Amino acid sequence: MNQFALITGASKGIGRSIAISLAKRKFNLLLVARSAPELNALKLELSNQYNVCVEVFALDLSVPGAAKRVTEWCTDNSFPVSVLVNNAGFGVWGKFESLPLDEQLNMLQLNVTALTELTYYMLPLLRQNQQGYVLNVSSTAAYQAVPTLAMYAASKSYVLSFSRAIRYELKDSSISITCLSPGPVGTGFAERAGLSVINDIAEKFNMDANVVAEIAVKAMLSRKAEVIPGFTNIISAYANRVLPKSLIEKITAGIYKIK
């Protein structure tokens, strides 16, 4: 197979695990993340272990214009990209009015704008292949409002809605869009978000990133619209559709309460 899979946020967590999963399936890889040393170490590991071509691009996707630079890198090198994995993202925890606005806007730039731009720029490249796949990483937070994670949850709701909408627009094309909505995963997300308050909960309910990645890749290649890994997460997501929103907001506020 000479096709390439482009993965953002590939140096650690779910992105790293998705890279491994695709390498096992003999996809060549284009890995994008901020840390050059981590990317280069992963490149060496995957190219040696799975005998695939791995190229890396160290770049902060939250910087305006970064998505276009990634696309130009692909076109300038004539990489035949058939898979796009929009995984890069982060969250910040706290009351909306208490958190620095620039930090929250930077999160939106990465979680929403960069994902949207990269999808837009990469669709013409994906069309050049017999089959094209986009995997957008959302969260179970997408299914309800989450006090103290207000903008993060809203950004993930956008990813879910956007993914389903363009999937329908592309239903008669060779490109399939899949949205992954994981619950807690042992990736370091909580630490970066400052979510020490849920450490005990996370330890009980965290899924392994490699397990989540396998579920996600299988769903993507099966052209599924959505995938929620883990039975508890599935029940939780669907409960949000039938229970009163005010009740869900009260429950989530209790979980993520600032002490």
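Further up the page is the structure itself.
Residues numbered from 1 in each chain as written. Predicted model: local features only at pLDDT ≥ 70, side-chain atom pairs only at ≥ 80, totals over all residues. Heavy atoms only, no water.

(A) Region of interest: the packing of aromatic side chains. Scanning the entire structure with this criterion turns up five aromatic pairs. Relative to Phe 79, the ring of Phe 4 lies with its centre 5.1 Å away and its plane at 45°, an arrangement referred to as tilted. With Phe 4 in strand E1 (residues 4–8) and Phe 79 in the loop between helix H3 (66–76) and strand E4 (81–86), the pair connects residues that are 75 residues apart, well separated along the chain. Like Phe 4, the residue Phe 79 is buried in the burial classification. Look at Tyr 120 and Tyr 121: their rings are 6.0 Å apart centre to centre, the planes differ by 75°, and that puts the pair in the edge-to-face class. Judged by its relative accessible area of 30%, Tyr 121 is partly exposed. Ring pairs connect the aromatic residues Phe 4, Phe 57, Trp 73 and Phe 79, which therefore count as one cluster. (Phe/Tyr/Trp six-rings, centres within 6.5 Å; stacked < 30°, edge-to-face > 60°. Helix = DSSP H or I, 4+ residues; strand = E, 2+ residues; numbered from the N terminus. Buried < 20%, exposed > 50% of the residue type's maximum accessible area, 1.4 Å probe, protein only.)

(B) Summary view of the nonpolar core. Residues Leu 6, Leu 61, Val 70, Trp 73, Cys 74 and Val 81 are the most contacted members of the largest nonpolar core, which totals 47 residues. Where this core is concerned, the elements lending two or more residues are E1, strand E2 (28–33), H3, E4, helix H4 (101–126), helix H5 (150–169) and strand E6 (175–180). Ranked by residues supplied to this core, first place goes to H4 with nine residues. Apart from the residues lying within four places of it in its own chain, the contact partners of Trp 73 are Leu 6, Leu 30, Leu 31, Val 32, Glu 55, Val 56, Phe 57 and Phe 79. (Core = buried A, V, L, I, M, F, W, Y, C linked by side-chain atoms within 4.5 Å. Contact = heavy atoms within 4.5 Å.)

(C) Quick look at the pattern of salt bridges. Tallied over the full model, the rule gives five salt bridges. Across the pair Arg 16 and Glu 45 runs a salt bridge whose closest N-O atoms are separated by 2.6 Å. Residue Arg 16 is located in helix H1 (residues 13–24), and its partner Glu 45 is located in helix H2 (residues 36–50); the two are separated by 29 residues in the primary sequence. We classify Arg 16 as partly exposed; its relative accessible area is 28%. Glu 45 gets classed as partly exposed once you look at its relative accessible area, which sits at 31%. (Salt bridge = Lys/Arg side-chain N within 4 Å of Asp/Glu carboxyl O.)

(D) Spatial organisation of a nonpolar patch on the surface. Taken together, Phe 96, Leu 101 and Leu 105 make up a surface patch of nonpolar side chains, about 310 Å² in accessible area. Along the chain, Phe 96 turns up in the loop between E4 and H4. (Patch = residues over 30% accessible without salt bridge, like charges linked within 9 Å, V, L, I, M, F, W, Y side chains within 5 Å. Areas by Shrake-Rupley, 256 points an atom, 1.4 Å probe, with all protein chains shown as cover.)

(E) Region of interest: the sheet that holds E2. The strand order E3-E2-E1-E4-E5-E6-E7 describes an open sheet built from seven strands, whose pairing is parallel. Every interior strand has two partners, whereas the edge strands, strand E3 (54–58) and strand E7 (226–227), have only one. Strand direction decides the pairing type here: E6 and E7, joined by two bridges, are parallel. Considered in E7, the bridge of Leu 180 is made with Val 227. Along the sheet, H2 makes contact with E2 and E3, crossing E3 at roughly 175°. (Pairing = 2+ DSSP bridges. Axes fitted to C-alpha atoms, helices over the stretch in contact; angles between N-to-C directions.)

(F) Representation of the packing of H4 against H5. For the pair H4 and H5, interaxial distance at closest approach is 9 Å and the crossing angle is 10°. Compared by their axis directions, H4 and H5 come out roughly parallel. Across the interface between the two elements, Gln 104, Met 107, Leu 108, Asn 111, Val 112, Leu 115, Thr 116 and Thr 119 from H4 touch Met 151, Tyr 152, Ser 155, Lys 156, Tyr 158, Val 159, Phe 162 and Ile 166 from H5. Considering only residue class, the contact of H4 with H5 consists of 10 nonpolar, five polar and one charged. (Parallel < 35°, antiparallel > 145°, perpendicular 65-115°, else oblique. Nonpolar A, V, L, I, M, F, W, Y, C, P; charged D, E, K, R; others polar.)

(G) Layout of the packing of H1 against helix H8 (residues 209–221). The geometry of H1 relative to H8 is characterised by a closest axis approach of 8 Å and an angle of 55° between their N-to-C directions. The orientation of H1 with respect to H8, classified from their angle, is oblique. Remark: the crossing between H1 and H8 carries right-handed chirality. The segment H1 lies against H8, with Gly 13, Ile 14, Ser 17, Ile 18, Ser 21 and Leu 22 engaging Ala 209, Asn 210, Val 212, Ala 213, Glu 214, Val 217 and Met 220. (Left-handed = near helix turned anticlockwise from the far one by under 90°.)

(H) The arrangement of the pairing of E4 in detail. Counting buried positions along E4 gives six out of six residues, so the element sits mostly inside the fold. Judged from the four bridges that link them, E1 and E4 form a sheet pairing that is parallel. When the sheet's bridge partners are listed, Ile 7 is paired in E4 with Val 85. For E4 and strand E5 (residues 132–137), the ladder comprises four bridges, and the chain directions are parallel. Its bridge partner being in E5, Asn 86 is matched across the sheet by Asn 136.

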